[in-house]
Amino acid sequence: MMSRVVITGLGVVAPNGVGLKAFSEAIQKGKSGITFHQELKDKGFSCCIGGIPEVSEEKISQYLTPLQLRGFHSTSILYGIISGIDAWKDAGFSVDENSSLDYDTGIIFGTGTSGIEKFRESIYKIDDHKVKRLGSTSVVQTMASGISAYLGGILGFGNQITTNSSACTTGTEALLMGFERIKSGKAKRMLVGSSSDSSLYSWGGFDAMRVMTYKHNESPEKGSRPMSETASGFVPGSGGGALVLESLESALERNATIYAEVLGGNVNSGGQRNGGSLTAPNAEAVQKCITDALVDANIKGSEIDVINGHLTATSKDSFEIENWTKALSLQGYNFPLINSLKSQIGHCLAASGAIESVASVLQIKQQFIFPNINCEDVHPEILALISKDKIPTKRVEKNIKIVAKASFGFGDVNACVIFKKYS
């Protein structure tokens, strides 16, 4: 018999709020975490704004020892450590370096690029013939699985410890991978999530592709405009999000707080065929990802109360809405409410799926819908598909039972997960 899987812990490091309380308050108010960054301008970026979490040195010292911080230079790993440990504690567990090995718990924590600043530092040292000065942590800080390795050692987990990487789909994919492991009985608990560097070296390629907005350097908070007619490209963001997934049996045994249940989901690829490419989605595959997720969760499209879309503030937003309407066979006033967290925090790339999943689950637990900001002028192509009333621009209190969250990433890869209020 397959296990039911629930969410018992959350952790988040986001541009508009670090920690669950600050983040929850921020998203309900529609608080933007996008600011101007002089360094981007100095380096010749067209887009000089972005979302970078504010993490003090004092806070960092609460998660890493002075020894661990010696030569430490990876924001992606830092954000993952903070959000991951916070989620574990939020689930009711303690962090003890002398604890016995926990074979029932594992980690799937994804990233796009890990420790790119450390990589740059290492390259300069090698080129300067100082290879012996790289330090003992240069490898773990720059390897893709560095984040899961750090968390695995701090928390002492003995189940599967791994890292996935699927561009913007990474966080949602990690969640579904952990879900499947618990569902199949191979683990009782999985810490899942993803993180992304706050680095101009990560963002530079996107600036060169001209997919980031350059029109709001003087008005950063107005820059990220998903579903807006005046959207002019995405705003880069960074951070980390984490969730503790647990078998229902385990959660009930220890009387844990249950945020929501994971009903099911799906991951697929468009194969870069039929209109799909490295940077554009295959519409047929996107729709199939959504419909297969509904089948896996055993629900109908009409049962969805809220969609937390991918919606990046590019020309593909209306295309995404069209795919949702076709997959759900719903449009106009019959379409569910839909929001995009990217309006508040920008596109956090590999971290986006995890941070947005945390926001989706908070909506279920606290029974609210966070507002879309900067989209008072909804794109006419979207209005031809769904009612403007389905795109809330203010916080909405609503009885929410089911939320669908999707991510669509570079490489034509897709993921959709269905969350349900636990009952």
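The rules we used
Residues numbered from 1 in each chain as written. Predicted model: local features only at pLDDT ≥ 70, side-chain atom pairs only at ≥ 80, totals over all residues. Heavy atoms only, no water. Phe/Tyr/Trp six-rings, centres within 6.5 Å; stacked < 30°, edge-to-face > 60°. Helix = DSSP H or I, 4+ residues; strand = E, 2+ residues; numbered from the N terminus. Buried < 20%, exposed > 50% of the residue type's maximum accessible area, 1.4 Å probe, protein only. Expected span 1.5 Å × (residues − 1). 1 Å grid on protein atoms, 1.4 Å probe; cavity = no way out; pocket = protein on both sides within 12 Å on 5 of 7 lines; lining within 4 Å. Points joined across faces, edges and corners; volume = space filled by probe spheres on them. Nonpolar A, V, L, I, M, F, W, Y, C, P; charged D, E, K, R; others polar. Pairing = 2+ DSSP bridges.

1. A short note on the packing of aromatic side chains
- In the structure shown here, the tally under the stated rule is 5 aromatic pairs.
- Taking the centre distance of 5.6 Å and the plane angle of 70° together, the rings of Phe-206 and Phe-234 count as edge-to-face. Of the two residues, Phe-206 is situated in helix H10 (residues 200–209) and Phe-234 in the loop between H10 and strand E8 (239–247); the sequence distance between them amounts to 28 residues. Considered together, Phe-206 and Phe-234 belong to a single accessibility category, that of buried residues.
- Take Phe-206: its relative accessible area is 18%, and that puts it in the buried class.
- Joined through ring pairs, the aromatic side chains of Trp-88, Phe-93 and Phe-157 make up one cluster.

2. Notes on helix H9 (residues 170–183)
- Along its 14 residues, H9 runs 20 Å from first to last C-alpha, staying within 8% of the 20 Å computed at 1.5 Å per residue.
- Most of H9 sits inside the fold, with 11 of its 14 residues counted as buried.
- Taken together, the buried positions of H9 are occupied by Thr-170, Gly-171, Thr-172, Glu-173, Ala-174, Leu-175, Leu-176, Gly-178, Phe-179, Ile-182 and Lys-183.

3. Here we look at unusual backbone geometry
- One non-glycine residue, Asn-255, lies in the positive phi region at around 55°.
- By the secondary structure assignment, Asn-255 is in the loop between helix H11 (248–253) and strand E9 (260–269).
- By relative accessible area, Asn-255 is classed as exposed at 70%.
- For Asn-374, which is not glycine, the phi dihedral falls at a positive 65°.
- Residue classification places Asn-374 among the buried residues on the basis of a relative accessible area of 4%.

4. Let's talk about the layout of surface pockets
- Here the largest pocket is characterised by a volume of approximately 460 Å³.
- Thr-279, Thr-312, Thr-314, Lys-316 and Phe-410 are the residues nearest the centre of the largest pocket, which is lined by 28 residues in total.
- Those elements giving two or more residues to the lining of the largest pocket turn out to be H10, helix H13 (317–328) and strand E14 (402–409).
- No other element matches H13, which puts 4 residues into the lining of the largest pocket.
- Tallied by class, the residues present in the lining of the largest pocket amount to 14 nonpolar, 9 polar and 5 charged.
- Its boundaries defined by the atoms lining it, the second largest pocket holds a volume of some 240 Å³.
- Residue lining of the second largest pocket: 13 residues in total, with Tyr-63, Thr-65, Gln-68, Val-95 and Ile-154 positioned closest to the centre.
- Of all the secondary structure elements, the ones that give two or more residues to the lining of the second largest pocket are helix H5 (75–90) and helix H8 (146–155).

5. Re the pairing of strand E5 (residues 105–111)
- Of all 7 residues making up E5, 7 are buried, and the element is well covered by its neighbours.
- Along E5, one buried face is formed by Thr-105, Ile-107, Phe-109 and Thr-111 and the opposite face, lined by Gly-106, Ile-108 and Gly-110, is buried too.
- Sheet analysis places E5 next to strand E7 (residues 189–196), joined by 7 bridges and oriented parallel. Bridge assignment links Ile-107 to a residue of E7, and that residue is Leu-191.
- Here E5 pairs with strand E6 (residues 161–162) via 2 bridges, running parallel. Considered in E6, the bridge of Ile-107 is made with Ile-161.

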